[in-house]
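# Remarks on the overall topology
As a plain string of letters, each chain reads:
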Amino acid sequence: MKQKVSPISTAEYIKRYAKRCITGPISLLKGLSVTVRYFFSPHKIVTEQYPENKKTLKMHSRYRGCLELIEDENGENLCTACGICEKACPNASINILSTKNIAGKKVLGKYLYHLGSCTQCGLCVEACPFGAIRMNQEFELSNESVDSFEMTLNKKEGRG
Amino acid sequence: MSLRRLPPGFREENIDLDTEEFFVNMGPQHPSTHGALRLALRLDGETIIEVVPHFGYIHRGIEKQAESMSYLQYIALSDRQDYLTAIQNNWGVCLALEKGLGIGVPERGEYIRVMLAELGRIASHLVFYACFGGDLGGQTALLFGFKEREMIHDILDEVTGSRLTTNFFRPGGSVHDVPDTFIPRVTSFLKHLEKTMVDYERFLSTNIIVLERTKGIGILSKEDAIAYGCSGPVLRASGVSYDVRKNDPYGIYSQLDFNVPVTYNGDTYDRYVVRIAEIHESIKILRQCIKQFPEGPYRGQEKASIRLKPGSYYSATETAKGLYATYVVAVSGDKPYRIHTRGPSFANLAALNTMVQGHKISDLVSILATLDPVIPEIDR
């Protein structure tokens, strides 16, 4: 798409050219003044010194990190192995293996969590009717081996 | 009549035997294509004759995946289409689901939605500012834009639990209520942003290099913009005053007082100006919301499983990029029969060929930056 340029006289052209020669550098200096001001006011810099501020760096309480079971001081969890979180998960990151206790009641055997496929959407926490799971504030989840992403969240079998 | 065979997508009628044309691939790994987008260029020297975009490098089949997912799970997928406007995509999907469920949103829930969506709009336009400045060669602008965006993402992080993939809205409201710190934080952020917007505009808007490289470049006429189905700032820069928030209001936008910025030249500079003006309008909307922020419930009645009445439901929302529409067909059960998304970046990309013809390669970079495409939304 070619531009239509209206014909102008030579005098007009020289006039415009001269004007731009003056206004151009001024506009550049105007922009540069912003840069220079930031250069002399280092308190405006917002960069975080990440590995150094590790101790003070806290995520917000709603931050969705790694999934965990809520446990009381005895290490008992509230999970009843109902499997609602398993169904709510969009990419099958949760597997619940239930077992039977001595009384013959269905209880949680293993709560398997695949961090590698988890997208941290938080739908499992929302779906849980017993409030047995939460997302913790852990954000340094990378690891050297793939095996570490396959977690068993519960330490004990459920009480039922 | 040509004896050569052109690469796929190019038109035969434009062939010119006087000069030697050649073809260049720009992308998929190119910093100024904003992602995995390949542009096949047909060049005469450095002048572009035609451009054919090739996309699909990160196609994930989101619409097909949705058919095997529940409605709630699809909301999490809508984050992953246009990640810069994730919160507005959530809203678009929820609007369609609410139509199918026949439920509304309490007043406080509506205000939460508008406020978060407008924060998201500012964040998206700041990324545009940053990338536009960066593509023109100004690294300072690139860092400036991301600096203020980071503050918005910190607010979103506190409210929703995630910076980008928010997954926050549900049919009938949102997952959580906003924390008590939300309103003071937004107030102080707006105060800060209004101050820095002066710096932003001083930095790029009157800079002679920016003016020389953007004025009169990549003109999209009003007729073409409508014919190609452009929406959002690209359409409004061509002189069409169409904004879903005004023309087909959803949420509480009909109760709020804001203007739709329109410019008439349709060139690269105008598309930049429209977006900067929209940031100011979003600040205006946010200020009104802070003033009127009501108490009360944030979410209507929760439903354990969401089952839509059989039928088809359509919702249209205005994201930062343009018209984002969701079409849901429900037959039975808690899974959709079909979900289709109309994405703004995809439709805006169609106008690229008209805009770049006759310009140089370096202009293509700035024109593509003002289309502000997000590739995961184009590919879906």
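Just above, that's the structure.
Now for a description of the structure that goes with this document. (Residues numbered from 1 in each chain as written. Chains lettered and ligands numbered in written order. Predicted model: local features only at pLDDT ≥ 70, side-chain atom pairs only at ≥ 80, totals over all residues. Heavy atoms only, no water.)

### So, helix α6 (residues 182-204) of chain B
- Taking 1.5 Å of rise per residue, 23 residues should cover 33 Å, and α6 of chain B covers 31 Å from first to last C-alpha, within 8% of that figure.
- Among all positions in α6 of chain B, only F182, V186, F189, L190, L193, T196, M197, D199, Y200, F203 and L204 of chain B are buried.
- The secondary structure elements touched by the buried residues of α6 of chain B are α1 (10-40) of chain A together with α4 (107-135), α5 (139-160), α7 (208-214) and α11 (268-292) of chain B. (Helix = DSSP H or I, 4+ residues; strand = E, 2+ residues; numbered from the N terminus. Expected span 1.5 Å × (residues − 1). Buried < 20%, exposed > 50% of the residue type's maximum accessible area, 1.4 Å probe, protein only. Contact = heavy atoms within 4.5 Å.)

### Focus: the pairing of strand β6 (residues 311-318) of chain B
All names here are of chain B.
- Sheet analysis places β6 next to strand β7 (residues 323-330), joined by eight bridges and oriented antiparallel. For G311, the partnering residue across the bridge sits in β7 and is A330.
- Between the end of β6 and the start of β7, which pair antiparallel, lie four residues, with G322 showing a positive phi angle near 150°. (Pairing = 2+ DSSP bridges.)

### Focus: the pattern of salt bridges
All names here are of chain B.
- Taken as a whole, this structure holds 28 salt bridges over all chains when the rule is applied.
- A salt bridge links R380 to E63, with the nearest nitrogen and oxygen atoms 3.2 Å apart. Taken together, the residues R380 in the segment after α15 (375-379) and E63 in helix α1 (residues 62-66) connect sequence positions 317 residues apart. Comparing R380 with E63 shows no difference in burial state: the two are buried.
- Where E194 meets R287, a salt bridge forms, and the shortest distance between an N and an O atom there is 2.9 Å. Of the two residues, E194 is situated in helix α6 and R287 in helix α11; the sequence distance between them amounts to 93 residues. (Salt bridge = Lys/Arg side-chain N within 4 Å of Asp/Glu carboxyl O.)

### Describing the nonpolar core
Residue and element names in this part refer to chain B.
- In this structure, L116, L119, Y129, F182, V186, Y253 and L308 are the most contacted members of the largest nonpolar core, which totals 77 residues.
- Per element, the largest residue contribution to this core is 13 residues, and it comes from α4.
- Once you skip the residues sitting within four places of it in the chain, L308 turns out to touch Y71, L97, G100, L101, Y313, V328, A330 and G333.
- Counting 26 residues, the second largest nonpolar core, distinct from the first, contains I48, A225, L352 and I375. (Core = buried A, V, L, I, M, F, W, Y, C linked by side-chain atoms within 4.5 Å.)

### Overview of a nonpolar patch on the surface
- On the surface, a nonpolar cluster with roughly 450 Å² of combined accessible area is contributed by I8, Y13, I14 and Y17 of chain A.
- Note on placement: I8 of chain A falls in the segment before α1. (Patch = residues over 30% accessible without salt bridge, like charges linked within 9 Å, V, L, I, M, F, W, Y side chains within 5 Å. Areas by Shrake-Rupley, 256 points an atom, 1.4 Å probe, with all protein chains shown as cover.)

### What about the packing of α4 of chain B against α11 of chain B?
Residues and elements named next belong to chain B.
- At a minimum axis distance of 9 Å, the contact between α4 and α11 shows a crossing angle of 155°. Classed by the angle they form, the pair α4 and α11 counts as roughly antiparallel. The crossing of α4 and α11 is left-handed. (Axes fitted to C-alpha atoms, helices over the stretch in contact; angles between N-to-C directions. Parallel < 35°, antiparallel > 145°, perpendicular 65-115°, else oblique. Left-handed = near helix turned anticlockwise from the far one by under 90°.)

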